[in-house]
Amino acid sequence: MEETVFTSAIEGMKLMKSDHDEILTKPFLDVCKMLLPILDKFGAAMAVVKSDINGNITRLDSKYTENPTRFNYLYALVQAEVETKTAKNSSSCTNGLLWLTRYYIRFKICIKYYYVTGPAR
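Just so it is clear, the model here is predicted, and its values are computed rather than measured.

Definitions and limits used
- Residues numbered from 1 in each chain as written.
- Predicted model: local features only at pLDDT ≥ 70, side-chain atom pairs only at ≥ 80, totals over all residues.
- Heavy atoms only, no water.
- Helix = DSSP H or I, 4+ residues; strand = E, 2+ residues; numbered from the N terminus.
- Buried < 20%, exposed > 50% of the residue type's maximum accessible area, 1.4 Å probe, protein only.
- Contact = heavy atoms within 4.5 Å.
- Core = buried A, V, L, I, M, F, W, Y, C linked by side-chain atoms within 4.5 Å.

(A) Geometry of the overall build of the chain. Looking only at helices and strands, one finds five helices and zero strands in the chain. Within the chain, the fraction of its 121 residues that count as buried is 36%. Sequence-distant contacts in the chain: of pairs separated by 6 or more residues, those separated by 24 or more amount to 59%.

Put into structure tokens, the structure is as follows:
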């Protein structure tokens, strides 16, 4: 495959799921971090989006770093906040994950579109 801005992210996506089809926290965040340099290619117009994505990544990464074994799966991050009744807070990891998955889905659509239509010339 030709090396593109998407190559690393595509490879990273293959590592995001466990053998039980659960999404692993660290690989998911690593792929999300790969979005940031891609957004730089769009210039200052994407600065707010980039900042938002980076803030959400940082929030989830901080929680993951507190206890990597406990929060190895994204589900565990959300479950912990549901149990403490903090999942609906605007600064919760659950809220950050909601926004990251929205960006991630759009990113996957862009990648698929890119490979169907080919690079812009």
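(B) Region of the structure containing the environment of Thr 58. Checked against the element boundaries, Thr 58 lands in helix α3 (residues 47-66). Taking relative accessible area as the criterion, Thr 58 reaches 44% and is therefore assigned partly exposed. Taking the C-alpha atoms as reference points, Thr 58 and Lys 33, separated by 25 residues in sequence, lie 9.6 Å from one another.

(C) Here's a closer look at helix α4 (residues 74-83). If you check which residues of α4 are buried, you get Leu 74, Ala 76, Leu 77, Ala 80 and Glu 81. Downstream of α4 by one or two residues, Lys 85 has phi in the positive range, about 60°.

(D) Main features of the nonpolar core. Ranked by size, the top nonpolar core spans 25 residues in total, and within it Phe 28, Ile 53, Ile 57, Leu 60 and Leu 100 carry the most contacts. Of all the secondary structure elements, the ones that give two or more residues to this core are α2 (25-40), α3, α4 and α5 (93-117). In this structure, Ile 57 is in contact with Leu 29, Cys 32, Lys 33, Leu 36 and Leu 100, ignoring residues within four places of it in sequence.

(E) Looking closely at unusual backbone geometry. Despite not being glycine, Asp 21 has its phi angle at roughly 65°, a positive value. Positionally, Asp 21 belongs in the loop between α1 (7-13) and α2. Positive phi outside glycine occurs at Lys 85, with the angle close to 60°. Tracing the chain through its elements places Lys 85 in the loop between α4 and α5. Taking the relative accessible area as the measure of exposure, Lys 85 reaches 74% and is therefore exposed.

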